[in-house]
Amino acid sequence: MNLPLPLQFVNLLAAALLLIAFALLSQRRIVGLITLFAWQGLALTLSTTLVALYTRQPHLLTSAALTLLLKVIVLPWIFFRLVRRLDMERDVEPVINIPTTMLIGIVLVIFAFNLAQPISALAGTVTRSTLGIAMAVVLISFLTMITRRQAIAQVIGFLAMENGLFFAATSATYGMPLVVELGIALDVLVGVFVLVIFFFQIRETFESLDLRHLERLKER
Amino acid sequence: MESGIALQLGQTLLAVLAAPLLLGWVNACRAWLANRRAPSLLLPYRNLRRLFHKDVVLAPHASALFRVAPYVIFAAMVLAAGIVPTLINDLPFSPAADAIALVGLFAVARVFQALAAMDVGTSFGTLGARREMLVAFLAEPALLMVFFTGSLIAKSTALPTIVEVFAHQQFAIYPSLAFAAVAFWMVSTAENARIPVDNPTTHLELTMIHEAMILEYSGRHLALIEWAVALKLFTYSTLGIALFLPWGIAPVGDWMGLPLVLVALTLKLLAGGFALALLETLNAKLRLFRVPEFLGTAFLLAVLGMLVHFLLERP
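Residues numbered from 1 in each chain as written. Chains lettered and ligands numbered in written order. Predicted model: local features only at pLDDT ≥ 70, side-chain atom pairs only at ≥ 80, totals over all residues.

Engineer: Can you explain the overall build of chain A? Please cite residues and give values.
Structural biologist: The secondary structure content of chain A amounts to 7 helices and 0 strands. Put simply, chain A runs from its N terminus to its C terminus through helices and strands in the order α-α-α-α-α-α-α. Taken over the C-alpha trace, chain A has a radius of gyration of 18 Å; the compact-globule value for 220 residues is 17 Å, and the two agree within 12%. Per-residue burial over chain A gives 41% buried out of 220 residues. In chain A, 73% of the contacts between residues at least 6 apart in sequence involve partners at least 24 apart. (Helix = DSSP H or I, 4+ residues; strand = E, 2+ residues; numbered from the N terminus. Rg over C-alpha atoms; globule rule 2.2 N^0.38 Å. Buried ≥ 20, exposed ≤ 12 C-beta atoms within 10 Å, placed from the backbone. Contact = placed C-beta atoms within 7 Å.)

Engineer: Kindly report on the overall build of chain B, identifying the contributing residues and their values.
Structural biologist: Along the backbone of chain B there are 11 helices and 0 strands. The N-to-C order of helical and strand elements in chain B reads α-α-α-α-α-α-α-α-α-α-α. Against the globule reference of 20 Å for 315 residues, chain B gives a C-alpha radius of gyration of 19 Å, in line with a compact fold. Burial status across chain B gives 48% buried among its 315 residues. The contacts in chain B between residues at least 6 apart in sequence include a share of 81% that link residues at least 24 apart.

Engineer: Kindly report on the interface of chain A and chain B, identifying the contributing residues and their values.
Structural biologist: The interface of chain A with chain B comprises 21 residues on the first partner and 17 residues on the second. Counting residues per element, the side of chain A that touches chain B draws most heavily on helix 1 (residues 5-26) of chain A, at 10 residues. Residues of the side of chain A that touches chain B, tallied by class, amount to 16 nonpolar, 5 polar and no charged. (Nonpolar A, V, L, I, M, F, W, Y, C, P; charged D, E, K, R; others polar.)

Engineer: I'd like a description of helix 6 (residues 151-173) of chain A, backed by residues and values.
Structural biologist: Residues and elements named next belong to chain A. Here helix 6 spans 33 Å end to end across 23 residues, near enough to the 33 Å set by a 1.5 Å rise per residue. By the criterion of burial, helix 6 is predominantly enclosed, with 18 of the 23 residues buried. Downstream of helix 6 by one or two residues, Tyr174 has phi in the positive range, about 55°. (Expected span 1.5 Å × (residues − 1).)

Engineer: Any details on the environment of Asp98 of chain B? Residues and values, ideally.
Structural biologist: All names here are of chain B. As for its placement among the helices and strands, Asp98 is situated in the loop between helix 3 (64-83) and helix 4 (99-119). Sequence-wise, Asp98 and Leu152 are 54 residues apart; in three dimensions their C-alpha atoms are separated by 14 Å. Each residue touching Asp98, except ones within four places of it in the same chain, is listed here: Thr157, Ala158 and Leu159.

Engineer: Run through the nonpolar core, naming residues and quoting values.
Structural biologist: Counting residues in each nonpolar core, the largest one holds 159 residues, and the members touching the most others are Leu17 of chain A together with Ala142, Phe179, Ala183 and Ala302 of chain B. Beyond its immediate chain neighbours, meaning those up to four positions away, Ala183 of chain B contacts Ala142, Val146, Ala298, Leu301, Ala302 and Gly305 of chain B. (Core = buried A, V, L, I, M, F, W, Y, C linked by C-beta atoms within 7 Å.)

Engineer: Report on the confidence of the model for chain B, specifying residues and quantitative values.
Structural biologist: Detailed reading of predicted coordinates is not advised where the pLDDT is low. Confidence along chain B averages 89 in pLDDT terms, with 98% of residues attaining 70 or more. Interface scoring of the predicted complex returns ipTM 0.80; its pTM is 0.89. (pLDDT = per-residue confidence, 0-100.)

Engineer: Got a sec to walk through the packing of helix 5 (residues 123-154) of chain B against helix 11 (residues 291-312) of chain B? Specific residues and values, please.
Structural biologist: Axes are the key here: two packed helices are described by the angle between their axes and the distance separating the axes. All names here are of chain B. With their axes 9 Å apart at the nearest point, helix 5 and helix 11 run at an angle of 15° to one another. One finds that helix 5 runs roughly parallel with respect to helix 11. Where helix 5 crosses over helix 11, the handedness of that crossing is left-handed. On helix 11, the residues that touch Val135, Leu138, Ala139, Pro141, Ala142, Met145, Val146, Phe148, Thr149, Leu152 and Ile153 of helix 5 are Val291, Pro292, Leu295, Gly296, Ala298, Phe299, Ala302, Val303, Gly305, Met306 and His309. A breakdown of the residues in the contact of helix 5 with helix 11 according to their chemical character gives 18 nonpolar, 4 polar and no charged. (Axes fitted to C-alpha atoms, helices over the stretch in contact; angles between N-to-C directions. Parallel < 35°, antiparallel > 145°, perpendicular 65-115°, else oblique. Left-handed = near helix turned anticlockwise from the far one by under 90°.)

Engineer: Before we move on, can you summarise the environment of Val163 of chain B with the specific residues and values?
Structural biologist: All names here are of chain B. Structurally, the position occupied by Val163 is in helix 6 (residues 159-168). We classify Val163 as buried; it has 24 C-beta atoms within 10 Å. Taking the C-alpha atoms as reference points, Val163 and Leu222, 59 residues apart in sequence, are found 35 Å from one another. Excluding residues that lie within four positions of it along the chain, Val163 makes contacts with Pro85, Asn89, Ala242, Pro246 and Ile249.

This is the structure in structure tokens:
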């Protein structure tokens with residue numbers, strides 16, 4: 001371990017990302033999910049800024065600022081308002097119980113670490129060792145989506161997955177071109193707006209945001 | 001060599017004498033955080049003195065085990081306090097036990113506590129003993145995993161070597177230790193019977209874990225057990241400091257640094273005690289059946305720390 005100090009901090013923040021991904025997986029409350037998501041965005045912003053400063057990639061600074069604006073401030077604010085408007089500050093029981101989910105999460109981490117090893121051996125960036133963590137965050141967020149029935153929890157899982165992908169891009173190739181990242185940021189924002197409109201529609205129809213109601217195709 | 005032994009005795013004595021003070025500090029912080037007037041910091045000492053002056057009342061069918069257990073528990077905790085590097089690293093006593101044997105030492109105390117609780121045959125004692133064993137068998141593997149994460153980095157299970165690697169070699173950030181630290185906090189709340197696993201100040205028998213086991217004790221036996229509880233908290237705090245904040249523990253044979261080391265230790269313990277009180281105030285006690293989930297999470301976090309070590313920190 002003879003990495004320079006900024007990169008050691010990037011590694012620490014990568015570990016924090018994974019830790020928060022696990023916290024998201026074990027969180028029962030919607031409000032807790034939103035707060036954790038905001039923290040994850042902050043860790044992502046810090047690590048991107050550090051990589052940008054260390055490798056002198058100015059466009060990464062822009063995407064770090066975008067992350068801060070979008071994922072730490074705007075989206076959590078929208079979600080908090082939504083939770084208050086829809087009045088759903090209750091516990092949600094996940095589909096599988098939490099200890100089992102966490103065990104599956106560990107298996108996913110081992111899988112992701114092994115999967116990333118040959119890829120990170122090929123990558124030429126200084127942050128390549130964090131690629132495994134990025135993939136683990138993607139898979140765990142996906143698991144978070146699968147194990148929730150609440151619409152908002154699923155959307156937060158989706159956004160956490162996007163965090164993981166963003167981190168993977170930073171660690172493997174110092175981020176995508178700025179145009180692509182601007183496009184993704186806009187997509188995420190528009191996507192959330194569309195989903196919020198969906199939430200209201202779903203709630204109007206079924207008087208709940210539990211997605212089990214959508215599994216039935218016919219009305220009785 | 002003789003000076004080493006003197007220092008070893010001094011460190012153990014310091015732990016034994018200062019342990020109730022740490023407990024008093026945590027209680028005072030909890031009171032402040034709850035907007036109450038804090039009790040005196042010396043209250044635990046006064047409690048111990050009061051208990052030592054009282055007579056022992058024994059149940060008629062209490063066996064010898066019941067009478068021996070407090071001494072065994074106290075002795076195990078004193079031994080543990082002597083082994084953990086607190087002031088100066090690598091004292092003559094440290095090779096006596098590595099991290100794994102230390103976990104075993106805590107287990108010895110716990111087994112005697114549980115056996116003594118079942119010895120008298122009251123229902124609350126048995127209930128407390130069973131609960132304690134439920135919590136303990138989940139907490140122990142997690143604690144071992146935390147130690148293994150440190151051992152993997154230092155390539156040794158001996159505590160002095162781990163401290164040596166963390167404190168006195170080239171500074172490096174170990175992300176795996178972040179996971180281990182969270183897991184260690186969760187385990188130490190379970191092992192020390194603190195919120196969110198157990199409430200040390202409860203008076204309601206149905207929610208008790210640790211308190212239910214010592215309901216039958218009185219007089220000097222109770223004093224020894226209370227002292228051992230304080231000592232366990234102190235040992236766990238110094239253990240956490242040795243693993244995660246070891247800067248300030250003096251290397252072998254550094255005599256001049258001793259006053260500085262004492263100041264550093266005091267500051268770290270004050271901060272750690274406040275952090276413990278803060279976390280206890282912010283959390284509510286868990287339902288007993290949520291405790292396995294809590295400790296399972298601690299275990300998984302420690303395992304995750306090991307995995308992260310293999311991914312990020314392998315040279």
